[in-house]
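In case you want the letters, here they are:
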2 protein chains.
Amino acid sequence: MIFDDFLRHRRKEQILPEDRAALEASVGEVRSVPARMTLVRKDERVHFSTYLIEGLICRYMDDREGLRQLVAVHVPGDFVDLHAYPLKHLDHDVATLTACKIATVPHRNLDIVMRERPELAKFLWFSTLLDAAMHREWIFRLGRLNAMARVGHFFCEIEAKLRAVGLSDGASFELAMTQNDLGEACGITPVHMNRMLRMLKEQGLLQMRAGQVQLLDRPALARLSEFDPSYLFIDE
Amino acid sequence: MIFDDFLRHRRKEQILPEDRAALEASVGEVRSVPARMTLVRKDERVHFSTYLIEGLICRYMDDREGLRQLVAVHVPGDFVDLHAYPLKHLDHDVATLTACKIATVPHRNLDIVMRERPELAKFLWFSTLLDAAMHREWIFRLGRLNAMARVGHFFCEIEAKLRAVGLSDGASFELAMTQNDLGEACGITPVHMNRMLRMLKEQGLLQMRAGQVQLLDRPALARLSEFDPSYLFIDE
DNA sequence: CGAACGCTTGAGTGGAGTCAAGTAGAGTGG
DNA sequence: CCACTCTACTTGACTCCACTCAAGCGTTCG
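Quick caveat, the model's predicted, so the values are computed rather than measured.

S.K.: Hey, could you go over the environment of Asp78 of chain B for me, with residue numbers and the actual values?
M.R.: Residue and element names in this part refer to chain B. Along the polypeptide, Asp78 turns up in the loop between β5 (68-74) and α2 (84-87). Here Asp78 falls in the buried class, since its relative accessible area comes to 12%. Along the backbone, Asp78 and Ser172 are 94 residues apart, and their C-alpha atoms lie at a distance of 21 Å. Apart from the residues within four sequence positions on either side, Asp78 is in contact with Thr50, Tyr51, Leu52, Val73 and Lys161.

This is the structure in structure tokens:
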């Protein structure tokens, strides 16, 4: 089923089977998208939302000179731009980082959910609030942590998210992001990102090679970067 | 009416009169709270949400050494921690900056709204997504702007929000925040905040004295800080 | 093979932080 | 009415983390 990973391990109360069926029924189409492709552009009026089945998607804002700030990185199981449903248009761009498999959900189908399935509606709302909680953590990261801690914090977060949907074993996982991408997420230059990765490796905390990440000492990394996963609302 | 400023000037479609009445009816109590008082603490289970009628409220996260990062500043008309309704507990603290008048709304009353008033539910959802949009803009601000632009951007944002509810005439407004508070919002030290305010004054952009802010040249300030208010979804 | 892209490293610079020493003003109490 | 206190604000000197500029390396792919 398409939404098997939606809110997986995210909360004790489960989505009711009939609500889950309604969600599956709301899908418009499923398709594959190549890497580095823009899905939604800022200010563009949108009539459907995108659910990520496979791959990595990011959301970002560019400054005047085109320097990019990522505001979110999405993994399978994320309803990437569900917030476009109440908002109608977005304040940022959405693009794939890797080749992706996505499902698109027309907003008119979500209208039906809102009217007929208040419980499911609350889960959808909840999922957009998880994104907001991550936004807040990113604000904290950028506002209060130094470069090394920012990088460590980012890796801790993405690992926890991937683990919740079975894409990390707690120590190593695939992450097809360049050092430039990582810099855009952490608010540091690619050159400095490179230096931070070297230092993290030298300290035996984390290693990244060819899109493969190994957390060599996750507890130490979490300590260094003041990472506390409670904001992710993951069970267990 | 209590919710007169709720989503004021925020969208063309208005909340239906009967939905508005239902919202008014959902209020538990209205009360006054002194300045610098914690309203909700991180991880605390909450059963009601807070709507701000008068005053300033902030949300924040502290790092290990107690250094604070604000993640939001709320003005009258904001449903401060509505997100606590689906989330059940918060990942951050909520506190007053000034003396405030607030309305508390029990979550059991919101359950009724969800079941019986899907249109209103969507407005409530929308309002939490506005906060998320502001979070994103704060990420951009911290990740991509230098200290002076961050400060300018913050003032542009708060002015636009205050103007939407009639608390700014576009040039001057009251803002009872200390330079320390402002630094915690912009991710810079209070000492540097002081220097930035001096520079902004020297450049004829903005003046702040005794909690009174004057935007001397709003267009120039917006240009300097790459401020584009579209993310606030304000009409007109 | 050459081009393109991503990664790596060094040298020098500068913006923001830190530390320290003040001043200004509001509120309090003798 | 004037010490006294407390908080917020102000300014200078020095430091350092991260940026910039620059050059070079390694892979992949056409």
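Additional details are given in the paragraphs that follow.
S.K.: A description of the protein's contact with DNA strand D should follow, citing residues and the corresponding values.
M.R.: Lining the immediate environment of DNA strand D, one finds 14 residues, of which Ala147 and Arg195 of chain A together with Gln179, Asn194 and Arg198 of chain B sit closest. If you look at DNA strand D and keep only atoms within 4 Å of the protein, 68% of those are sugar or phosphate atoms. Taking Ala147 of chain A, its main chain carries an N or O atom lying 2.8 Å from a phosphate oxygen of DNA strand D. Between DNA strand D and Arg195 of chain A, the relevant distance is 2.8 Å, taken from a base oxygen to a side-chain nitrogen or oxygen of the residue. Only α7 (190-202) of chain A together with α7 (190-202) of chain B provide two or more residues apiece to the surface near DNA strand D.

S.K.: Describe in detail the protein's contact with DNA strand C, supporting the description with residues and values.
M.R.: Every one of the 14 residues lining DNA strand C counts as a neighbour, but Gln179, Asn194 and Arg198 of chain A together with Ala147 and Arg195 of chain B are closest to it. By atom count, sugar and phosphate contribute 68% of the portion of DNA strand C lying within 4 Å of the protein. Here a phosphate oxygen of DNA strand C and a side-chain polar atom of Thr189 of chain B are 3.1 Å apart. Listed by contribution, the elements that provide at least two residues to the surface near DNA strand C are α7 of chain A together with α7 of chain B. Tallying contributions element by element places α7 of chain A first for the surface near DNA strand C, with 4 residues. Of the residues in the surface near DNA strand C, the class split is 4 nonpolar, 7 polar and 3 charged.

S.K.: I'd like a description of the packing of helix α4 (residues 118-144) of chain B against helix α5 (residues 147-164) of chain B, backed by residues and values.
M.R.: Residues and elements named next belong to chain B. Two elements in contact, α4 and α5, have axes whose closest approach is 10 Å; the angle formed by their N-to-C orientations is 160°. Between α4 and α5, the angle falls in the class roughly antiparallel. Relative to α5, the crossing made by α4 is right-handed. For the pair α4 and α5, the contacting residues are Met134, Glu137, Trp138, Arg141 and Leu142 in the first and Arg150, His153, Phe154, Glu157 and Lys161 in the second. Residue composition of the contact of α4 with α5, by class: 4 nonpolar, 1 polar and 5 charged.

S.K.: Break down the packing of aromatic side chains for me, with residues and values.
M.R.: Evaluation of the coordinates by the stated rule reveals 22 aromatic pairs over all chains. Measuring from centroid to centroid gives 5.8 Å for Tyr85 of chain A and Trp125 of chain B, while their planes differ by 65°, and the two rings are edge-to-face. Taken together, the positions of Tyr85 of chain A in helix α2 (residues 84-87) and Trp125 of chain B in helix α4 put the pair across two chains. By the burial criterion, Tyr85 of chain A is buried, and Trp125 of chain B matches it. Ring centres of Phe3 of chain B and Phe6 of chain B lie 6.1 Å apart, and the angle between their planes is 80°; on these two criteria the pair is classed as edge-to-face. The exposure class assigned to Phe6 of chain B is buried, which follows from its relative accessible area of 2%. Chaining the aromatic ring pairs together yields one cluster made of Phe3, Phe6, Tyr51 and Phe79 of chain A.

S.K.: Describe in detail the layout of surface pockets, supporting the description with residues and values.
M.R.: With a probe scaled to a water molecule rolled over the atoms, the places where space remains empty come into view. All names here are of chain A. One number sums up the size of the largest pocket: a volume of about 530 Å³. Taken together, 24 residues make up the lining of the largest pocket; nearest its centre are His9, Phe233, Ile234, Asp235 and Glu236. Among the elements that make up the lining of the largest pocket, the one with the highest residue count is helix α5 (residues 147-164) (5 residues). For the lining of the largest pocket, the class distribution of residues is 10 nonpolar, 3 polar and 11 charged.

So, how was this worked out
Residues numbered from 1 in each chain as written. Chains lettered and ligands numbered in written order. Predicted model: local features only at pLDDT ≥ 70, side-chain atom pairs only at ≥ 80, totals over all residues. Heavy atoms only, no water. Helix = DSSP H or I, 4+ residues; strand = E, 2+ residues; numbered from the N terminus. Buried < 20%, exposed > 50% of the residue type's maximum accessible area, 1.4 Å probe, protein only. Contact = heavy atoms within 4.5 Å. Near = heavy atom within 4 Å. Polar contact = N/O pair within 3.5 Å; in protein donor to acceptor, adjacent residues only side chain to side chain. Nonpolar A, V, L, I, M, F, W, Y, C, P; charged D, E, K, R; others polar. Axes fitted to C-alpha atoms, helices over the stretch in contact; angles between N-to-C directions. Parallel < 35°, antiparallel > 145°, perpendicular 65-115°, else oblique. Left-handed = near helix turned anticlockwise from the far one by under 90°. Phe/Tyr/Trp six-rings, centres within 6.5 Å; stacked < 30°, edge-to-face > 60°. 1 Å grid on protein atoms, 1.4 Å probe; cavity = no way out; pocket = protein on both sides within 12 Å on 5 of 7 lines; lining within 4 Å. Points joined across faces, edges and corners; volume = space filled by probe spheres on them.

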